[in-house]
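So the chains spell out like this:
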Amino acid sequence: MDGFPAVTSLSSSSLCMSVDLRRREELTTMTRLESGEEQLQKAGEKLLGFNSTEEQPSGQESMWRNEKYESVPLDVKGIDEDNSKGTRDSLYPHTTLLKSQQADEKPKDPKLWPYFKDGHRRIDYVLTYHIQKPQNTGKQSSKSCLGGCLCCKKRGQTNPPVPDPELASQEQRLDYHDDDQRLRREEFEENLREMGLEMEKEEGNKIPGVGFLKIHAPWEVLCREAEFMKLKMPTIKKYEVSHGNSIVEKASRFMQKFTAPLQPKVGDRQIEHEKHLSYPFSREKQHLFDLSDRNSFFDSKTRSSIVYEILKRTKCTRAKYIMGIISLLGNGIYTSAYPLHDGDIDDVHAEINDRKILYEEWASYSIFYKYQPIGLIRKYFGEKVGLYFAWLGVYTQMLIPAAIVGVIVFLYGCATVDDNIPSMEICDERNNITMCPMCDRACSYWKLVTACGTARASHLFDNAATVFFAIFMALWAAMFMEHWKRRQVRLNYLWDLTGFEDTESHPRAEYEFHVMKKSLRKEKSPKAGNVKLTCTDRMPAYMTIIITMIFLICVTLAIVFGVVLYRVSIMTALHMSSTPTFRSNIRATVKTTGAIINLIIIIIMDEVYGAVARWLTIMEVPKTDKSFEERLIFKTFVLKFANAFTPIVYLAFFRGRLIGRPGKYIYVMGSYRMEECAHAGCLMELCIQLCITMLGKQLIQNNLFEIGVPKIKKLLRQRKIDPKHQEELNKTLHRHEKDHFLGPFVGLNPEYMEMIIQFGMVTLFVASFPLAPLFALLNNIIEIRLDAKKFVTELRRPIAVRAKDIGIWYTLLRGLSKVAVIVNAFVISFTSDFIPRLVYQYMYSPDGTLHGFVNHTLSYFNVTHFQPGTEPLEPMHLGYQVDTCRYKDYRDPPWSDTPYEFSREFWAILAARFAFVILFQNVVMLMSDFVDWLIPDIPKDISLKIHKERNLIIELFMKREQGKKYRNTMNDPSPQPLRSRPSSQA
């Protein structure tokens, strides 16, 4: 019977007890019927296996059944197992005082605050589970049903009607499944009690089919775990934070006074003037810490993180397979696990709590102009969430100067459009330039003057200021990275994370299961530390990942190619249309509809690629949660980056390059001619694609989905409750029941990914779209408040995770900022006409101006050289016979010795393009590195404060030691014997 925990006796009747034991024997027999291989397969499908009592070698059994939780030091284990008051009170001398204080305190209302029914013990964590048969019906759990029915028989009550055999067998299978889950829960909860946690249950009172296990960590457990986790806690020593007198610090203090109205009213401004010394908590050094208010010494965020660490460490071991909290959740034994929010936010009479303050001073669109209360965010949600919002705030602030400069560049283009000589030449009808057809047969000759609007619009984004803006944005990216590094160091100091190192070593449940399978295949007892997954074990997964990633990138390329075919075919169809409206706006229609189709595909494929990336990461079986997260982020970033930027890269660097020339065009799929750029270049089309993609992703995918999807999920979770009683029920629900209807927290990866893609849009192709920083700024102002409202009102409270940086996201940001320099150099050189204009002005212009530039960029083609079947169907469309037409390229005319070959101007311009790329890249990267070197990573004042804290900690220890020695001397006043002076003759 070692596969199940002991079952509590149901009544004084021995008959009830014997039937209960017989029921357990039946369950154990059913479990033994499953073979080892089938059980392993079932376990693989579910993260970790269910019960099995199959015989295993003693060594293996000792490994997988050794302990109920990870080992702790012997002295601590002895303390936990000792229930005597003397031992507990000797270690925690203030426990009795604390209990007496709690008894005198007024109990909290459990409806308003997250407390047990007694109103004294705080709920630090909640586990929920499914109740198949509610307690208030005849279908109770098997334990209650068996005992109750037999006891009724003994008292002579009537027998119930005989049920249908098929229904009875189905209920028996459901009872077995329910009992199996119940027994596992009982074992896990018993192990939690042995760890010192206190629990309270509620089953199906107000929410049908849901049971709640409320967990409270007593003071002694909090102290023990805080010492294990090396949590830095405030000591009794305070010191005044001195401000320097340098020019930079004086300017900083002036700016703080100037921006005082923009600061949120959260009551934590005193941290600027004084600060508690912090030191890793130790039970032996409790006298060093500020324990004046023990109820607030460990805040709710710290308490929940401590309980979560205990939950991760506690295991179910009476079955063959060890199961932790992650496996219990994966197998449905528990349905959810979450800490609780502090209190209500919408009740006018509710007491002030951190959540309510955040709702009023952070999660509101009316205060979009104010700074974020980063300190309170960190206090309530933890360092990891605090760092995300701090990074988002720094990024948004840095977008302000970029947006201003971008608007100035755009306005410069608007102001100089009438003075732009190339666009004036295109719009001049006197030039009478006849262009070659844009497609075969259906298209005819056209006048260059019809491209006047496109040429004038292109100048708004393709002008002399574009190069300056590209250089500015490269330096802006370097400044942003340096500013964030300094801000991160400052936050580490304020949050007492200067010496923190992430030492996560808990292996994931899937990793442990695969290690166990590997040991079973070797048919030898596994030894701790010897059996692990190697590269050879993961090689099939690695090959699958590589092949799948390459395949998905090829799918992205195929989708882009499909959109290209759509544009080519729709352009031909519109040219053949007899409707004048369609024929007059062909280019605008094709550009806009193509960009919208790209946007829709990007949004759909983003969801697909995210799911595939998670599946591939699970297949890889990383050892720890941190490794899993980093690998998932990298795969998701590669796929989503390719999905978002492949259409843009095609427009910037490939469209119009691989088309051939009149009379010798390049065809794909038989009869489709590759699409050309407009005469003013592809920069305008690239700008349209960037604008629609950026605005569409931010409006639809980011904001609309973030608002709509959580509300729909919340409605689905509440549909089990009768809408008529919904309002009345909301008034009576307790905090843990209200949080049950909130959405689960899925992590910060989607939020970061959204901003990283936006950062790529802002930096990579900013030379073609100077308004990108402005759109990003407007989006982020809304995004901050939207995310705040989501975290405070729509989502369950996340686990507080300590972190001193943003992890792999910083590496991705730095890589994007480096790639952006190269991309913008190629955009200026090859996509815009900046280099051809420069070469013409200084090499070929007779007067040193751009007069004649348009004619210089056009080559001649003899219409008699069209391939058979490609000439226009209506050659007299313009009203006169065309002998030669023009097309944009640098080729020799048909009457030269080398007709239609690349001219000398082509090679000169190509050399100038590559020279500009090399020069731009090296100069800008050199300037970025200089900025990186010029700005120190650690602010000088923070370095001095960290050094001062170390000295104050040493001083505090020395004073306490001296005080202890003095007290010992006063308690033992007996004189010490004087030592005799040694004789000089000795």
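Residues numbered from 1 in each chain as written. Predicted model: local features only at pLDDT ≥ 70, side-chain atom pairs only at ≥ 80, totals over all residues. Heavy atoms only, no water.

Looking at an unreviewed UniProt entry, one finds the protein named Anoctamin and attributed to Danio rerio. In UniProt, the protein has this text filed under Sequence similarities (unreviewed entry): "Belongs to the anoctamin family." (UniProt positions renumbered as here; feature names shortened; annotations may be inferred.)

Participant: How should I be thinking about the overall build of the protein in this particular structure?
Facilitator: For the protein, the count of helices and strands is 34 helices and 14 strands. The burial tally for the protein puts 49% of its 986 residues in the buried class. Taking contacts inside the protein between residues at least 6 apart in sequence as the whole, the part at least 24 apart equals 79%. Put simply, the protein shows about 49,200 Å² of open surface, and 59% of that area lies on carbon and sulfur atoms. (Helix = DSSP H or I, 4+ residues; strand = E, 2+ residues; numbered from the N terminus. Buried < 20%, exposed > 50% of the residue type's maximum accessible area, 1.4 Å probe, protein only. Contact = heavy atoms within 4.5 Å. Areas by Shrake-Rupley, 256 points an atom, 1.4 Å probe, with all protein chains shown as cover.)

Participant: Could you clarify how one ought to interpret the pattern of salt bridges in this entry?
Facilitator: Here the idea is simple: oppositely charged side chains can pair when their charged atoms come close. The full count for this structure, using the stated rule, is 44 salt bridges. When salt bridges with common partners are traced through the structure, they connect Glu482, Lys485, Arg814, Asp932 and Asp937 into a single cluster. (Salt bridge = Lys/Arg side-chain N within 4 Å of Asp/Glu carboxyl O.)

Participant: Where do I start with the nonpolar core in this structure?
Facilitator: Burial of nonpolar side chains together is a common tendency in soluble globular proteins. Trp362, Phe381, Trp391, Tyr395, Trp476, Phe765 and Ile806 are the most contacted members of the largest nonpolar core, which has 114 residues in total. With 16 residues, helix 16 (residues 383–416) is the largest single contributor of residues to this core. Formed by 48 residues, the second largest nonpolar core is a distinct cluster that contains Trp219, Leu222, Val241 and Val489. (Core = buried A, V, L, I, M, F, W, Y, C linked by side-chain atoms within 4.5 Å.)

Participant: Sorry if this is basic, but what is going on with the packing of aromatic side chains here?
Facilitator: Taken as a whole, this structure holds 50 aromatic pairs when the rule is applied. An angle of 35 degrees between the planes, with centres 5.4 Å apart, marks the rings of phenylalanine 637 and phenylalanine 641 as tilted. Of this pair, phenylalanine 637 and phenylalanine 641 are both found in helix 24 (residues 625–653), 4 residues apart, which corresponds to roughly one turn of the helix. What makes phenylalanine 641 partly exposed here is its relative accessible area of 24%. When the ring centre of phenylalanine 902 is taken as reference, the NZ or CZ atom of arginine 891 above it lies at 4.2 Å. (Phe/Tyr/Trp six-rings, centres within 6.5 Å; stacked < 30°, edge-to-face > 60°. Lys NZ or Arg CZ within 6 Å of the ring centre and 35° of its normal.)

Participant: Looking at this structure, how should I read the confidence of the model for the protein?
Facilitator: A low pLDDT score tells you not to read the predicted coordinates there in detail. Chain-level pLDDT for the protein is 77 on average; 76% of the residues reach the 70-or-more range. Within the model, the stretch residues 134–174 combines pLDDT values under 50 with 32 contacts to residues more than four positions away or in other chains. Residue range residues 978–986 is modelled with pLDDT below 50. Its contacts to residues more than four positions away, or to other chains, number 0 contacts. (pLDDT = per-residue confidence, 0-100.)

Participant: Teacher, can you tell me more about the state of the cysteines here?
Facilitator: Covalent bonding between the sulfur atoms of two cysteines is what defines a disulfide. What the rule picks out here adds up to 3 disulfides. A sulfur-sulfur separation of 1.8 Å characterises the disulfide bridge that pairs cysteine 427 with cysteine 452. Around the S-S axis, the bridge from cysteine 427 to cysteine 452 shows a dihedral of about 95 degrees and counts as right-handed. On the criterion of sequence distance, the pair formed by cysteine 427 in helix 17 (residues 421–427) and cysteine 452 in helix 18 (residues 452–459) is long-range, its members being 25 residues apart. With no disulfide of its own, cysteine 687 has cysteine 691 as its nearest cysteine by sulfur position, at a separation of 6.3 Å. We classify cysteine 687 as buried; its relative accessible area is 4%. (Disulfide = S-S within 2.5 Å.)

Participant: Looking at this structure, I do not really get unusual backbone geometry. What am I missing?
Facilitator: It is generally the case that most residues other than glycine have a negative phi and that most peptide bonds are trans. Although it is not a glycine, aspartate 496 sits at a positive phi angle of roughly 60 degrees. Inspection of the secondary structure assignment puts aspartate 496 in the loop between helix 19 (464–494) and helix 20 (509–522).

Participant: What is the right way to read the UniProt feature "transmembrane region" (unreviewed entry) in the protein from this model?
Facilitator: Sites flagged by UniProt as "transmembrane region" (unreviewed entry) map to residues 388–412, 464–481, 542–568, 588–612, 632–653 and 755–778. As a span, residues 542–568 carries 100% helix and 0% strand, and end to end its C-alpha atoms are 39 Å apart. End-to-end, the C-alpha atoms of residues 755–778 are 13 Å apart, and along that stretch the chain is 71% helix and 0% strand.

Participant: Help me understand the environment of tyrosine 359 in this model?
Facilitator: By secondary structure assignment, the location of tyrosine 359 is in helix 14 (residues 354–361). Of the residues examined, tyrosine 359 reaches a relative accessible area of 27% and is grouped as partly exposed. A sequence separation of 429 residues divides tyrosine 359 from alanine 788, and the C-alpha atoms of the two residues are 8.0 Å apart. Residues in contact with tyrosine 359, not counting those within four places in the same chain, are Ile345, Ser364, Lys789, Val792 and Thr793.

Participant: Help me understand the sheet that holds strand 2 (residues 198–203) in this model?
Facilitator: Backbone hydrogen bonds hold the strands of a sheet together, and the pairing may be parallel or antiparallel. Spatially, 4 strands are ordered 2-3-1-6 in an open sheet, and the strand pairing comes out antiparallel. Only two strands of the sheet have a single neighbouring strand rather than two, namely strand 2 and strand 6 (336–338). Taking each pair of neighbouring strands and ignoring which way they run, the sheet shows an average axis angle of 15 degrees. Alignment of strand 1 (residues 125–130) against strand 6, held across 3 bridges, turns out to be antiparallel. Along strand 6, the bridge assignment pairs valine 126 with tyrosine 338. The strands touched by helix 12 (residues 300–313) within the sheet are strand 1 and strand 3 (210–216), with strand 1 carrying the most contacts at an inclination of about 50 degrees. (Pairing = 2+ DSSP bridges. Axes fitted to C-alpha atoms, helices over the stretch in contact; angles between N-to-C directions.)

Participant: Sorry, what's going on with the environment of isoleucine 596 here?
Facilitator: With respect to the helices and strands, isoleucine 596 occurs in helix 23 (residues 586–620). What makes isoleucine 596 partly exposed here is its relative accessible area of 38%. Sequence-wise, isoleucine 596 and isoleucine 692 are 96 residues apart; in three dimensions their C-alpha atoms are separated by 7.0 Å.

Participant: For this particular structure, what's the right way to read the side chain of aspartate 354?
Facilitator: Note on placement: aspartate 354 falls in helix 14. We classify aspartate 354 as buried; its relative accessible area is 17%. Aspartate 354 has contacts with Asp342, Leu376, Lys379 and Tyr380, leaving out every residue within four places of it along the chain.

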